Amino acid sequence: MLPPSEGEVRMVPSDPISTTTITSVSTDEVDGKKTVTYLFEDSRRQNLRLRRTKSVARAEEITKEAEKVRKSQPDKPCHRPRDSLFSWSSEFRDFTGLVNWGFLLLFMGGLRLSLENLLKYGIRIDPFQWLIVLNGGTAEFSIENPSVFLFIYINVHILFTLWVEKLLVKERIVWNQALLLHACNLFLIILIPVISSWTLKDKFGLVGLTLLCTVYTITFLKLWSYVHVNYWCRLVRSKSQHRRRAFSVAHPYPPDIDDGKAVDEMVSYPNNLSVRDLYFFMAVPTLCYELNFPRTSRIRKRFLIKRAIEVFLGMQVVLGLFQQWIIPSVKNSLQTFSKMEPMPATERLLKLAIPNHLLWLVWFYLCFHSYFNMLGEVLRFADRDFYGDWWNATNIDVFWRSWNMPIHRWAVRHLYMPLIERGYGKSVSSVSVFFLSAFFHEYLVSVPLRMFNLWAFFGMMMQIPMSALSQFVEKKAGQRLGNVLVWMSLILGQPLCIMMYYHDYVITHFGKDLMEQFSRMR
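As recorded in an unreviewed UniProt entry, the protein goes by the name O-acyltransferase, listed as coming from Daphnia magna. UniProt lists a comment for the protein under the heading Subunit (unreviewed entry), and it reads "Homodimer or homotetramer; both forms have similar enzymatic activities." Under the UniProt heading Sequence similarities (unreviewed entry), the entry covering the protein gives this text: "Belongs to the membrane-bound acyltransferase family. Sterol o-acyltransferase subfamily."

Written as structure tokens, this is what we have:
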């Protein structure tokens, strides 16, 4: 047998020894006697760290002594131990100039693409064409337009919800009956745009039908929250009534309580069941209902005017970018994407990615900052937490929890937490949230286009494994690479979906024979 190596100790088995630091034991025979080899890995590691510490300290001492000697020499030394600025060990963190260079390079690239677009297609911006698309393909506006009628009709479902809640307060119906009525009402809200788009077809404009589906989806989510909150209030009210009855038996004359003027102005259930209260909730930029929303003391006119100007100018930018840049790029990508040629399709995808992502960023600022703040200022709605710092998201999960705060807050409050409280696990609750989100993403795309290919649905459901992948990348490669992965999915994922839907839209409604015609710009 080999002699014990360094760090090993030979001992007789009868000798007592602490087992707290022993990692392995081996038996051996020396001079006819059995001995046991105990390996002390922890001690070895501690000795190794101690030696490294001593060696580092000694190196610093040598460096300091050598530096003193060098400075005493007559050669005027100009060198000293320093790291390069791009090294991770360097403490240099000011890269403002490189950021400016990056923005300038991005601006020049975008300017070149814009000039190329103008030289190739000319000026394609035409506000009159948007009115035609919005009106269903005709230049003459008619009050009989189905979009106008359905925008007005949504009030029937809103008032029906209020009527059912009042019946519950008056105890004319029980909760099971009310739940059935609410479920049917919410189901019809989702179903009516689907039926209308398939029966009326050409009378709807693509933009008008998209806005209609958006309004009906928002109404569905708001009424869900309205019914849910009133249900919570009834539960608390029934419990408080039982406590009040018990209190009145023990104390026939309870003392008067003066909570002050602020408490008197607070709305309590069922006094909130009014047309004014419900329509205020339908107007404010939130999906979660409360009995008493936080309010500002006044309307800031200068702030309101700034937001209104941003909304007006932002709409022109969005419509102009779409007409001038997105439509030509999508049409020119149709035939290449249909043939599934890898290199040309990739080139078209990257060409579409820049204008599409720029359009998405402008739309985000226009909707979540300018429009929501303008609406909140007019209604004196104080909670302006419409978005988080999603641009710093280090994984997909953080992005979805921060980029659309009204949706995230609704999903947590009215779907995720209720499922958790009913005993479902976090995984089931998270998948349910993604499933509902995937359904509405597909709903907002397929209904206006009148086709159901489930690309948006599967794209949202794929966010679940993508979230796990991005968290793995963040853990193994760092937060910076995780943030890069988030931006990559945003920049490349959306134009890919646009090309897929446009390809399927042309084939579904016009056939493969007209594909070449729809892939050329007139």
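Asker: Got a minute to help me understand the packing of helix α4 (residues 146-169) against helix α8 (residues 275-283) in this structure?
Answerer: When two helices pack together, their arrangement is given by the angle between the helix axes and the distance between those axes. It is the contact of α4 with α8, at a shortest axis distance of 11 Å, that shows an interaxial angle of 130 degrees. Relative to α8, the element α4 lies oblique. In terms of crossing hand, the pair formed by α4 and α8 is right-handed. Residue-level contacts link Asn155, Ile158, Leu159 and Leu162 of α4 to Val275, Leu278, Tyr279 and Met282 of α8. Its residues placed into classes, the contact of α4 with α8 shows seven nonpolar, one polar and no charged.

Asker: I would appreciate a short explanation of the side chain of Thr219 in the present structure.
Answerer: Topologically, Thr219 is positioned in helix α6 (residues 206-250). When sequence neighbours within four positions are dropped, the list of residues in contact with Thr219 reads Ile154, Ile158, Ile189 and Met282.

Asker: How do you make sense of the UniProt feature "active site" (unreviewed entry) in the protein when you look at a structure like this?
Answerer: The sites that UniProt annotates as "active site" (unreviewed entry) are His441. Relative to the helices and strands, His441 is located in helix α13 (residues 426-449). Take His441: its relative accessible area is 34%, and that puts it in the partly exposed class. Every residue in contact with His441, bar those within four places of it in the chain, is listed here: Ala456 and Met460.

Asker: Looking at this model, I keep getting lost on the UniProt feature "transmembrane region" (unreviewed entry) in the protein. Mind explaining?
Answerer: According to UniProt, the feature "transmembrane region" (unreviewed entry) maps to residues 149-168, 180-200, 206-227, 308-327, 358-376, 423-440, 452-472 and 484-502 in the numbering used here. As annotated, residues 149-168 has a helix share of 100% and a strand share of 0%, and its two end C-alpha atoms lie 30 Å apart. Counted over residues 206-227, helix gives 100% and strand 0%. Its end C-alpha atoms are 32 Å apart.

Asker: Explain α13 to me, please; I cannot follow it from the model alone.
Answerer: One turn of an α-helix holds 3.6 residues; hence residues three or four places apart share an orientation. Here α13 spans 35 Å end to end across 24 residues, near enough to the 34 Å set by a 1.5 Å rise per residue. Residue Tyr443 marks the point of greatest curvature in α13, where the axis turns by about 25 degrees. The first or second residue beyond α13 is Arg450, which carries a positive phi of 55 degrees.

Asker: Honestly, empty space enclosed by the protein in this entry has me stumped. Any pointers?
Answerer: Over the atoms a probe the size of a water molecule is rolled, and this reveals where empty space is left. Applying the stated criterion across every chain yields a total of two cavities of 30 Å³ or more. Looking at the largest cavity, the residues that line it are Leu113, Glu116, Asn117, Lys120, Tyr121, Trp325, Pro328, Ser329 and Lys351. Listing elements by their share of the lining of the largest cavity, those giving two or more residues are α2 (96-121) and α9 (301-339). In terms of residues, the lining of the largest cavity owes the most to one element, α2, which gives five residues. By residue class, the composition of the lining of the largest cavity is four nonpolar, two polar and three charged. A volume near 30 Å³ is recorded for the second largest cavity. Of the residues contributing to the lining of the second largest cavity, the split by class is four nonpolar, one polar and three charged.

Asker: Explain the confidence of the model for the protein here, please?
Answerer: Close inspection of predicted coordinates is inappropriate in any region flagged by low pLDDT. Taken as a whole, the protein shows an average pLDDT of 77; of its residues, 76% reach a score of 70 or greater. By mean pLDDT, strand β1 (residues 8-11) is the weakest element of the protein at 42, and α8 is the strongest at 94. Confidence drops under a pLDDT of 50 for residues 1-40, and excluding neighbours within four residues, the segment shows 54 contacts in the predicted structure. Segment residues 52-59 is flagged for pLDDT under 50; beyond a separation of four residues in sequence, or across chains, it makes zero contacts in the model.

Asker: Explain the pattern of salt bridges to me, please; I cannot follow it from the model alone.
Answerer: Charged atoms that come close allow side chains of opposite charge to pair. Tallied over the entire structure, the rule returns seven salt bridges. Of the charged contacts in the structure, one is a salt bridge between Glu165 and Arg234, with a shortest N-O distance of 2.7 Å. Here Glu165 is found in helix α4, whereas its partner Arg234 is found in helix α6, with 69 residues between them in sequence. Since its relative accessible area comes to 17%, Arg234 is described here as buried. A salt bridge links Glu310 to Arg307; the shortest N-O distance between them is 2.8 Å. With Glu310 and Arg307 both in helix α9 and three residues apart, the pair spans about one turn of that helix.

So, how was this worked out
Residues numbered from 1 in each chain as written. Predicted model: local features only at pLDDT ≥ 70, side-chain atom pairs only at ≥ 80, totals over all residues. Heavy atoms only, no water. UniProt positions renumbered as here; feature names shortened; annotations may be inferred. Axes fitted to C-alpha atoms, helices over the stretch in contact; angles between N-to-C directions. Helix = DSSP H or I, 4+ residues; strand = E, 2+ residues; numbered from the N terminus. Parallel < 35°, antiparallel > 145°, perpendicular 65-115°, else oblique. Left-handed = near helix turned anticlockwise from the far one by under 90°. Contact = heavy atoms within 4.5 Å. Nonpolar A, V, L, I, M, F, W, Y, C, P; charged D, E, K, R; others polar. Buried < 20%, exposed > 50% of the residue type's maximum accessible area, 1.4 Å probe, protein only. Expected span 1.5 Å × (residues − 1). Bend = angle between axes of the 7 residues up to and from the residue. 1 Å grid on protein atoms, 1.4 Å probe; cavity = no way out; pocket = protein on both sides within 12 Å on 5 of 7 lines; lining within 4 Å. Points joined across faces, edges and corners; volume = space filled by probe spheres on them. pLDDT = per-residue confidence, 0-100. Salt bridge = Lys/Arg side-chain N within 4 Å of Asp/Glu carboxyl O.

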